[in-house]
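In case you want the letters, here they are:
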Amino acid sequence: MSKVAVVTGGTRGIGAAISSALHAADYKVAATYHGNDKAAEDFTVKTGVPHFRFDVGDFNACKKGLHKIEEKFGSVDILVNNAGLTQDAFLHKMTVEQWRQVMHTNLDSVFNMSRLVIEGMRERGFGRIINISSINGQSGQMGQSNYSAAKAALLGFTKALALESASRGITVNAIAPGYIDTEMVRAVPPDVLDKIIARIPVKRLGKPDEIARMVLFLASDEAGFTTGATFTINGGQYLV
Ligand code: NDP
């Protein structure tokens, strides 16, 4: 029987590529999103993957959202914590709201969603949790003390939960993408983006599919010995 996968922020950008790849590989996929109804509807029409709207930073909203997903598909076997956003500012100009918004969406979300699926995974003796971090959580980035902190925290979370879960058939891994061609990156001013690309050894942005392929591997039964790891996919821009 097909396994059930939830991809947060699965209707656009990297998440959409992940949802599509899992769907094509015969998983039952639920793609979540927050506010962009049009993008979510277009994505569902194009791929046949259903969308579920809730704020992943809100524990009770996640509980209700997951309940709806499980009513439709059954228990969650694979969780991809992908939803994220940036609110950039140098720290001396950063507002409390910018700090909290980034922590809420990039970090609280990972606790919320993982906490809600982990007990079931432990009971069933199988699970895959894949956290989408960032090159900027590894290297740090000016103007992103909030985002770099949240994305670095995901790496510690990944390792701790991997250790707690290893004996229960659950793997927990992180992917740290470099600059990938999505709306998040297209929002960067063109002159800044040109400078970023010049610093990437392969001289281009990554493609969302290049992240989705790693997710497919990590979600598979064959990846059972791979846990607690961080996979950097960044065109050689930052070598860990
Ligand atoms: P996009 O901005 O293209 O898409 C973000 C997705 O997350 C959307 O589906 C959005 O929903 C959803 N989302 C945002 N906030 C919430 C929320 N509070 N609750 C539920 N869903 C939410 O992002 P990318 O595809 O570029 O990035 C995906 C992940 O990869 C992020 O975690 C990002 O930090 C990380 N990353 C991206 C890199 C890049 O170069 N693009 C590089 C490194 C890491 P909606 O459509 O409703 O807004």
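Preceding this paragraph is the structure being described.
The structure contained in this document is the topic of the report that follows. These numbers were taken from a predicted model, which means no experiment stands behind them.

Conventions we followed
- Residues numbered from 1 in each chain as written.
- Predicted model: local features only at pLDDT ≥ 70, side-chain atom pairs only at ≥ 80, totals over all residues.
- Heavy atoms only, no water.
- Near = heavy atom within 4 Å.
- Polar contact = N/O pair within 3.5 Å; in protein donor to acceptor, adjacent residues only side chain to side chain.
- 1 Å grid on protein atoms, 1.4 Å probe; cavity = no way out; pocket = protein on both sides within 12 Å on 5 of 7 lines; lining within 4 Å.
- Sits in = over half its atoms within 2 Å of the grid points.
- Helix = DSSP H or I, 4+ residues; strand = E, 2+ residues; numbered from the N terminus.
- Contact = heavy atoms within 4.5 Å.
- Expected span 1.5 Å × (residues − 1).
- Buried < 20%, exposed > 50% of the residue type's maximum accessible area, 1.4 Å probe, protein only.
- Pairing = 2+ DSSP bridges.
- Axes fitted to C-alpha atoms, helices over the stretch in contact; angles between N-to-C directions.
- Salt bridge = Lys/Arg side-chain N within 4 Å of Asp/Glu carboxyl O.
- Parallel < 35°, antiparallel > 145°, perpendicular 65-115°, else oblique.
- Left-handed = near helix turned anticlockwise from the far one by under 90°.
- Nonpolar A, V, L, I, M, F, W, Y, C, P; charged D, E, K, R; others polar.

### Looking at the site of the ligand
Part 1 of the reasoning: Close to the ligand lie 28 residues, the nearest being R12, G35, N82, Y147 and T182.
Part 2 of the reasoning: Contact between the ligand and T11: an oxygen atom at 3.3 Å from a side-chain N or O atom of the residue.
Part 3 of the reasoning: Between N36 and the ligand, the recorded distance is 2.8 Å, taken from a backbone N or O atom to an oxygen atom.
Part 4 of the reasoning: The cavity where the ligand resides is the largest pocket.
Part 5 of the reasoning: For the shell around the ligand, the secondary structure elements donating two or more residues are α1 (13–24), α6 (145–165) and α7 (183–186).

### Regarding the side chain of N136
Part 1 of the reasoning: With respect to the helices and strands, N136 occurs in helix α5 (residues 135–139).
Part 2 of the reasoning: Setting aside anything within four residues of it in sequence, one finds N136 in contact with Q141, Q144, Y147, S148 and Y179.

### Considering α6
Part 1 of the reasoning: End to end, α6 covers 30 Å across 21 residues, agreeing with the expected 30 Å (1.5 Å per residue, within 8%).
Part 2 of the reasoning: Along α6, the residues classified as buried are N146, Y147, S148, A150, K151, L154, L155, T158, L161, A162 and S165.
Part 3 of the reasoning: Among the structural elements, α4 (96–124), β5 (127–132), α5, β6 (170–177), α7 and β7 (230–233) are those in contact with the buried residues of α6.

### Quick word on the sheet that holds β5
Part 1 of the reasoning: In space, the seven strands of this open sheet follow the order β3-β2-β1-β4-β5-β6-β7, with parallel pairing throughout. Unpaired on one side and paired on the other, β3 (51–53) and β7 mark the two borders of the sheet. Across this sheet, the average inter-strand angle for adjacent strands is 20°, counted without regard to direction.
Part 2 of the reasoning: Sheet topology note: the β5/β6 ladder contains six bridges and is parallel.

### Some words on the pattern of salt bridges
Part 1 of the reasoning: Inspection of every chain in the model, using the stated rule, returns seven salt bridges.
Part 2 of the reasoning: A salt bridge links R53 to D37, with the shortest nitrogen-to-oxygen separation between them at 2.8 Å. Of the two residues, R53 sits in strand β3 while D37 sits in helix α2 (residues 37–47), which places them 16 residues apart along the sequence.
Part 3 of the reasoning: Of the residues examined, D37 reaches a relative accessible area of 30% and is grouped as partly exposed.

### Notes on the packing of α4 against α6
Part 1 of the reasoning: Running from amino to carboxyl end, α4 crosses α6 at an angle of 15°, the nearest separation of the two axes being 9 Å. Taken together, the axis directions place α4 and α6 in an arrangement best described as roughly parallel. α6 is crossed by α4, and the crossing has right-handed handedness. When α4 is examined against α6, the residues Q98, W99, V102, M103, N106, L107, V110, F111, S114, I118 and R122 are found in contact with a partner set consisting of S145, N146, Y147, A149, A150, K151, A153, L154, F157, L161, E164 and S165.
Part 2 of the reasoning: Split by residue class, the contact of α4 with α6 holds 14 nonpolar, six polar and three charged.

### Examining unusual backbone geometry
Part 1 of the reasoning: One non-glycine residue, D26, adopts positive backbone phi at about 80°.
Part 2 of the reasoning: Along the chain, D26 turns up in the loop between α1 and β2 (28–33).
Part 3 of the reasoning: The phi angle at K203 is positive, at roughly 60°, despite the residue not being glycine.

### Brief notes about the side chain of N173
Part 1 of the reasoning: Its place among the elements puts N173 in strand β6.
Part 2 of the reasoning: For N173, a relative accessible area of 1% translates into the label buried.
Part 3 of the reasoning: Polar contacts involving the side chain of N173 include one to the main-chain carbonyl oxygen of T226, which spans 2.9 Å.
Part 4 of the reasoning: Reaching out from N173, the side chain makes a polar contact with the backbone nitrogen of A229 at a distance of 3.0 Å.
Part 5 of the reasoning: In this view, N173 contacts I129, I130, N131, T158, L218, T226, T227, G228, A229 and F231; residues no more than four positions away in its chain are not counted.

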